[in-house]
Amino acid sequence: MKALLVDDERFSINALKKMIPWTEMGVDSLITAEDGIDGWRQYKLHDPDLILTDISMPNLNGLELVKRIRTVDSQVPVIILSGYDDFDYAKEAVHLKVSHYFLKPIVHTEIIPIIRQLLDEAGTVRTQQQYFLDMQKQLKEALPVLREQLLFDIVNGKVKEGEELRRKLDFFAMDAKITQGGLIMSLELYRLNNEKTFSENDWYLYKYAVSNIAQEVIDQFGGGGYIVRYEDDRLPLIIFGNNAEEVRARAGTIASKIIEHTAKWLEIPSNIGIGRYIGGFNRYVQSHKDSKNALQNSAMNGFENISHFEEYDMLRTGFESFSAEETDMIVHAILKSDKTELLAFWSSIEKRLANSPEHLLAYITMVCSGFLIGVIMKIVEETERATELQAAIQLQDLYSIPSTETLVSRMKEKLLLLCECLQSGHCEHKYVEMIKQYIETHYQTELSVHDIARHLHLSRTYISKLFKRETGDSITGYIIKSRIRMAKKMMEQEPDLLIYEISSKVGYADQNYFCRVFKSVAGLTPSEYMVKAKRKQRVPVAALTGEKGSV
């Protein structure tokens, strides 16, 4: 804590410094000033927790000093030290909220308890102020997250309209017109398998950039709208207003600009599905669902597409599209090469297809094509076998099919063919062996999972998952074990090698790090293992002479 002593009499300052146990009372900085002007300067520089000042001083007296201080700080405790027993002085001191008024000469046994009390109170106030400031800072940092959560809950139907909602909207400085009506758009980003989005960190940054673009475009066209938060690679957006036609038109313009900017500046492909306009607050969840259905429809036609729910709703009459759960079940069965399970999952879909109206054949064909593309993409993500799968499954022939019955039959054939393609090839086991072989020949270098992935022309995520699934160990763990195994072999075969030489030979430039890794794997330090290895190499005399005992 800090205390400021203001007095034009040097002996008074020295007496206060000497007779009062400042350090004991928690004061680690004692500041002095020779008059009121100097006192004001020192106050502004140091922001003390306690002020002791004389009244009668040249340039600026003590009461005038306190007046200045009170213009910026009404709480700091002030003690007046005066040689004048003047009622007007005392009255003015009370008016300025001076804590105590002592007449000189000061009786130190009287002033010390007062100073101690004021410092304790000042410390408590400072602690409370700091706590309040910390809470304000934490709240300020948390506000974007809390605001985002409120929007997420609105989109997913977890918030009811009422007084509590209005208070939350006021608290987050959000537009109350969001309760009048609006629609949800779903923006889907597509992560192509290229160097641009190779790492998770890169992809996260691109997604963050797209969310900024989306909010900037929404703000540009005004009227009201917010981005929510990503659901995997899908970003919901709320566009609101009390005029349905205006909101729909604005949503279409916004969607077009977002797709255009995302493709131009980030080179990230995207699609947007636009849900129906809802006239009340509690039905945003339905518009959200609509937007995802519309998005699924747009994905069937490639990238940079905008699909409105109204268009999707007209097309889907008489046929419900494939759900994400159905796609996942089909993919799971194909990856296991389980035809029985595949056909069981397919049977319920097959019935829906068979019973669909013939006049929707073109639309259903498009849906089936999109479904197969989705299945293949998911399998490629897991297996990296894009070339052979694309070669085996030709989608063009679907569009020349004359009837729903033929379409159903052809879809089953293609799914079974996918299953056979995966069953016939045992590439994954070959990849595991290639990974092990690469590690065995490069363990002495700066080796990483990225290096191995690049060598095999596979994705880092894929080989990591594959190796873990097939061996039960991570690639990094296998690299470490291979290096320690070779280090042990060197210690046994070349006992004269020094530890730093072995460390360097097995790919560790840092000898200390090598020692820590070695002990974590072998249970012994390199030195202990070398001693143990040398002992094993000693041949007992009894073994050579046939005698019992040893030398």
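Remember, predicted model here, so these are calculated numbers, not experimental data.

(A) Seen up close, the overall build of the protein. When you go through the protein residue by residue, the secondary structure sums to 23 helices and 10 strands. Here the analysis covers contacts within the protein between residues at least 6 apart in sequence; of these, 68% occur between residues at least 24 apart. Summed over all atoms, the accessible surface of the protein reaches about 29,600 Å², with 52% contributed by carbon and sulfur.

(B) Local environment of the side chain of R483. You can see R483 is positioned in helix α19 (residues 475–493). With residues up to four places along the chain from it excluded, the contact list for R483 reads Y443, T445, E446, L447, V506, G507 and Y508.

(C) Up close: the sheet that holds strand β7 (residues 225–227). Taken in spatial order, the five strands line up as β7-β8-β6-β9-β10 in an open sheet, and their pairing is mixed. Looking at strand neighbours, the two that pair on one side only are β7 and β10 (305–308), the edges of this open sheet. Across the sheet, the axes of successive neighbouring strands diverge by a mean angle of 20 degrees, strand direction being ignored. Of the strand pairs in this sheet, strand β6 (residues 182–189) and strand β8 (residues 234–240) are connected by seven bridges, and their pairing is antiparallel.

(D) A look at the pattern of salt bridges. For the coordinates displayed, the defined rule picks out 25 salt bridges. A salt bridge links E231 to R234; the nearest nitrogen and oxygen atoms lie 3.0 Å apart. You can call E231 buried: its relative accessible area is 15%. One continuous salt-bridge network, built from bridges that share partners, spans D7, E9, D54 and K104.

(E) Focus on the pairing of β8. Burial runs high along β8: seven of the seven residues are buried. What you see with β8 is no split at all: R234, P236, I238 and F240 on one side and L235, L237 and I239 on the other are buried throughout. Relative to β8, β7 runs antiparallel, the two sharing three bridges. Opposite Y226, over in β8, you have I238 as the bridge partner. Counting the residues in the hairpin turn of β7 and β8 gives six residues, including D232, whose phi is positive at 60 degrees.

(F) Region of interest: the layout of surface pockets. What the second largest pocket holds in volume is close to 400 Å³. Lining the second largest pocket are 17 residues, and of these E148, Y208, S211, I227 and V228 sit closest to its centre. Contributing elements (two or more residues each) for the lining of the second largest pocket: α5 (108–155) and α7 (200–221). Here the element with the most residues in the lining of the second largest pocket is α7; it accounts for six residues.

(G) Representation of the nonpolar core in the model. Ranked by internal contacts, the top residues of the largest apolar core, which has 30 residues, are I334, W346 and L415. For this core, the leading source of residues is helix α13 (residues 361–383), giving 12 residues. Every residue in contact with L415, bar those within four places of it in the chain, is listed here: I330, I334, L342, W346, F371 and L372. Counting residues in hydrophobic clusters, the runner-up holds 26 residues, among them V210, V217, A251 and Y277.

(H) Structural view of the pairing of strand β4 (residues 78–82). Of all the five residues making up β4, five are buried; the element is thus mostly covered by neighbouring parts of the structure. The alternating pattern of β4 places V78, I80 and S82 on one face and I79 and L81 on the opposite face, and all of these are buried. Pairing of strand β3 (residues 50–54) with β4 involves four bridges; the strand directions are parallel. Its bridge partner being in β4, L52 is matched across the sheet by I79. Note on the crossover from β3 through helix α3 (residues 62–70) to β4: the handedness is right-handed. Of the pairings in the sheet, the one linking β4 to strand β5 (residues 100–103) comprises four bridges and is parallel in character.

(I) Structural detail: the side chain of T365. Within the secondary structure layout, T365 lies in helix α13. Residue T365 is classed as buried on the basis of its relative accessible area, which comes to 4%. For T365, the contacting residues outside a window of four places in its chain are L398, Y399 and L407.

(J) The arrangement of a nonpolar patch on the surface in detail. Judged by side-chain polarity, L139, L146 and F171 come together as a nonpolar surface patch covering roughly 270 Å² of accessible area. Along the chain, L146 turns up in helix α5.

(K) How the structure looks around the environment of D510. With respect to the helices and strands, D510 occurs in the loop between α20 (499–505) and α21 (511–522). For D510, a relative accessible area of 41% corresponds to the partly exposed category. As for D510 and Y500, which are separated by 10 residues in sequence, their C-alpha atoms are 8.2 Å apart.

What counts, and at which threshold
Residues numbered from 1 in each chain as written. Predicted model: local features only at pLDDT ≥ 70, side-chain atom pairs only at ≥ 80, totals over all residues. Heavy atoms only, no water. Helix = DSSP H or I, 4+ residues; strand = E, 2+ residues; numbered from the N terminus. Contact = heavy atoms within 4.5 Å. Areas by Shrake-Rupley, 256 points an atom, 1.4 Å probe, with all protein chains shown as cover. Pairing = 2+ DSSP bridges. Axes fitted to C-alpha atoms, helices over the stretch in contact; angles between N-to-C directions. Salt bridge = Lys/Arg side-chain N within 4 Å of Asp/Glu carboxyl O. Buried < 20%, exposed > 50% of the residue type's maximum accessible area, 1.4 Å probe, protein only. 1 Å grid on protein atoms, 1.4 Å probe; cavity = no way out; pocket = protein on both sides within 12 Å on 5 of 7 lines; lining within 4 Å. Points joined across faces, edges and corners; volume = space filled by probe spheres on them. Core = buried A, V, L, I, M, F, W, Y, C linked by side-chain atoms within 4.5 Å. Right-handed = clockwise from strand over helix to strand, strands pointing away. Patch = residues over 30% accessible without salt bridge, like charges linked within 9 Å, V, L, I, M, F, W, Y side chains within 5 Å.

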